[in-house]
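Chain by chain, the residues run as shown.
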Amino acid sequence: MKSSKLLVLSLGFIIFSAFANAADMKLEIIPLQFRNVDEIIPIIRPLVQDGGTVTGMNNQLIVKTTAANLMEIKQILAGIDKAARRLLITVKQNIEGQINTQEQGISGRYTRGSVSISGNNRGDDNHGLVLSAEDDKDNLIRYRNLNTRSNIDDRNTFQVQTVDGRAAYIQTGQQIPVANQNAYVTYGGVVVQDTIEYKDVSSGFYVLPRMNGDRVTLLVSPQLSRVHPNQAAVFDVQNVETTTTGRLGEWLQIGGVAQHVNSNDRENLLSTRQRGQEQRTILIKVDEIQ
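Owing to the predicted nature of the structure, the values given are computational and were not obtained by experimental measurement. (Residues numbered from 1 in each chain as written. Predicted model: local features only at pLDDT ≥ 70, side-chain atom pairs only at ≥ 80, totals over all residues. Heavy atoms only, no water.)

### A closer look at the overall build of the protein chain
Now for step 1: Tallying secondary structure elements over the protein chain gives 3 helices and 14 strands in all.
Now for step 2: The buried share of the protein chain, reckoned over its 290 residues, is 27%.
Now for step 3: In the protein chain, 64% of the contacts between residues at least 6 apart in sequence involve partners at least 24 apart.
Now for step 4: For the protein chain, the computed accessible surface area is about 19300 Å², with 51% contributed by carbon and sulfur atoms. (Helix = DSSP H or I, 4+ residues; strand = E, 2+ residues; numbered from the N terminus. Buried < 20%, exposed > 50% of the residue type's maximum accessible area, 1.4 Å probe, protein only. Contact = heavy atoms within 4.5 Å. Areas by Shrake-Rupley, 256 points an atom, 1.4 Å probe, with all protein chains shown as cover.)

Structure, rendered in structure tokens:
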């Protein structure tokens, strides 16, 4: 019997407390100066006292809570409802390297009686070191050696302005014509048609900055595309997506790759050897615009 009375008293106290808290609640409309309602509500909602609410419309917060809690919320709003910081973001994408190519081959012809021998190679020209000998019967032997060095230096810099907490995207590019051949089988035979297809070669970056004092956290996804220097129909594409943190004005490396070239090709009397390396780096920097 005593337990039942205690339970009734406890329930009565809880209901009385709920009514008392509801009576203490007040409704206030708070206009925002710089930030959007959609940005502020997720920050304020966890801070509202139990039984209170927060909504918004027309760039105004509508808060229902106790007077003490309302004062706390206003203090927090004073610190976050400020003009967003303007930022200048710079991305550098660099490709550096060196490729050494050695090409050597033998060509010539020899005829005696009914026997005739001849040999050619794809590099049969007068570039490089060429040694040849010919007799009075037009027999010829020719040796060619060519060493070349190719330096790779491709630098791209992109800049875009945005504000703290707002994503930005910038892109530059061009259309490159690529020749194609299509074959069709008809009643009259096979028809080969030459066509030109245009490929988009674009470079740029997507970035989302978030500031905390003089430090910035970046979600960044840059892309670098270019036409291969030796093959017009081959495109090099470099992508990276990462999150990094650093100070304003500081260059941050967000990606990089080192490639080594070591190849040997032989075709009949021609041999080609390539040695070298290529280094790709992506750097980003954020400066504040005063």
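Read on for the rest.
### What to know about the packing of aromatic side chains
Two descriptors summarise a pair of aromatic rings, namely the distance from one centre to the other and the angle between the planes of the rings.
Now for step 1: In this structure the tally under the stated criterion is 0 aromatic pairs.
Now for step 2: The ring of Trp-251 has Lys-92 sitting right over it, with the charged end atom 4.4 Å from the ring centre. (Phe/Tyr/Trp six-rings, centres within 6.5 Å; stacked < 30°, edge-to-face > 60°. Lys NZ or Arg CZ within 6 Å of the ring centre and 35° of its normal.)

### Examining the layout of surface pockets
Now for step 1: By volume, the second largest pocket amounts to about 320 Å³.
Now for step 2: Lining the second largest pocket we find 13 residues, and of these Arg-35, Ile-80, Lys-82, Ala-84 and Asp-164 sit closest to its centre.
Now for step 3: Sorting the residues of the lining of the second largest pocket by element identifies α2 (37-44), α3 (67-80) and β9 (189-212) as the ones contributing at least two each.
Now for step 4: Residue composition of the lining of the second largest pocket, grouped by class: 5 nonpolar, 2 polar and 6 charged. (1 Å grid on protein atoms, 1.4 Å probe; cavity = no way out; pocket = protein on both sides within 12 Å on 5 of 7 lines; lining within 4 Å. Points joined across faces, edges and corners; volume = space filled by probe spheres on them. Nonpolar A, V, L, I, M, F, W, Y, C, P; charged D, E, K, R; others polar.)

### Observations concerning the sheet that holds strand β3 (residues 60-65)
Now for step 1: Read from one edge to the other, the open sheet built from 3 strands follows the order β1-β3-β2, with strand pairing classed as antiparallel. Each end of this open sheet is capped by a strand with a single partner; those strands are β1 (26-31) and β2 (53-57). Neighbouring strand axes in the sheet, compared pairwise and without regard to direction, differ in orientation by 20° on average.
Now for step 2: Judged from the 6 bridges that link them, β1 and β3 form a sheet pairing that is antiparallel. Counted as the bridge partner of Lys-26 is Thr-65 from β3.
Now for step 3: Packing against the sheet, α2 makes contact with β2 and β3, and its axis sits at approximately 175° to β2. (Pairing = 2+ DSSP bridges. Axes fitted to C-alpha atoms, helices over the stretch in contact; angles between N-to-C directions.)

### A few points about unusual backbone geometry
Now for step 1: Although it is not a glycine, Asn-58 adopts a positive phi angle of roughly 50°.
Now for step 2: Inspection of the secondary structure puts Asn-58 in the loop between β2 and β3.
Now for step 3: Using a relative accessible area of 65% as the deciding quantity, one classes Asn-58 as exposed.
Now for step 4: The phi dihedral of Asn-59 falls on the positive side, at around 60°, and the residue is not glycine.
Now for step 5: The topology assignment puts Asn-59 in the loop between β2 and β3.
Now for step 6: What makes Asn-59 partly exposed here is its relative accessible area of 31%.

### Description of the pairing of strand β7 (residues 140-163)
Now for step 1: Of the pairings in the sheet, the one linking strand β4 (residues 86-112) to β7 comprises 24 bridges and is antiparallel in character. From the neighbouring strand, Glu-96 faces β7, where its bridge partner is Asp-153.
Now for step 2: Direction of pairing for strand β6 (residues 129-134) relative to β7: antiparallel, over a ladder of 6 bridges. Bridge pairing links Val-130 to Arg-144 in β7.

### Side note on the nonpolar core
Generally speaking, a soluble globular protein has its nonpolar side chains buried in company with each other.
Now for step 1: Core analysis: the largest hydrophobic core is formed by 17 residues, its most contacted members being Ile-89, Phe-205, Val-207, Leu-218, Ile-284 and Val-286.
Now for step 2: By size, the runner-up hydrophobic cluster in this structure holds 13 residues, among which are Ile-40, Ile-41, Leu-61 and Ile-73. (Core = buried A, V, L, I, M, F, W, Y, C linked by side-chain atoms within 4.5 Å.)

### A word on the pairing of β4
Now for step 1: Here β4 pairs with strand β14 (residues 270-288) via 19 bridges, running antiparallel. For Leu-88, the partnering residue across the bridge sits in β14 and is Asp-287.

### Remarks on the pattern of salt bridges
Now for step 1: On inspection of all chains with the given rule, the structure shows 7 salt bridges.
Now for step 2: With a closest N to O distance of 2.9 Å, Glu-288 and Arg-85 form a salt bridge. Of this pair, Glu-288 sits in strand β14 while Arg-85 sits in the loop between α3 and β4, and the two are 203 residues apart along the sequence.
Now for step 3: Put simply, Arg-35, Glu-39 and Arg-166 are held in one network by salt bridges that share partners. (Salt bridge = Lys/Arg side-chain N within 4 Å of Asp/Glu carboxyl O.)

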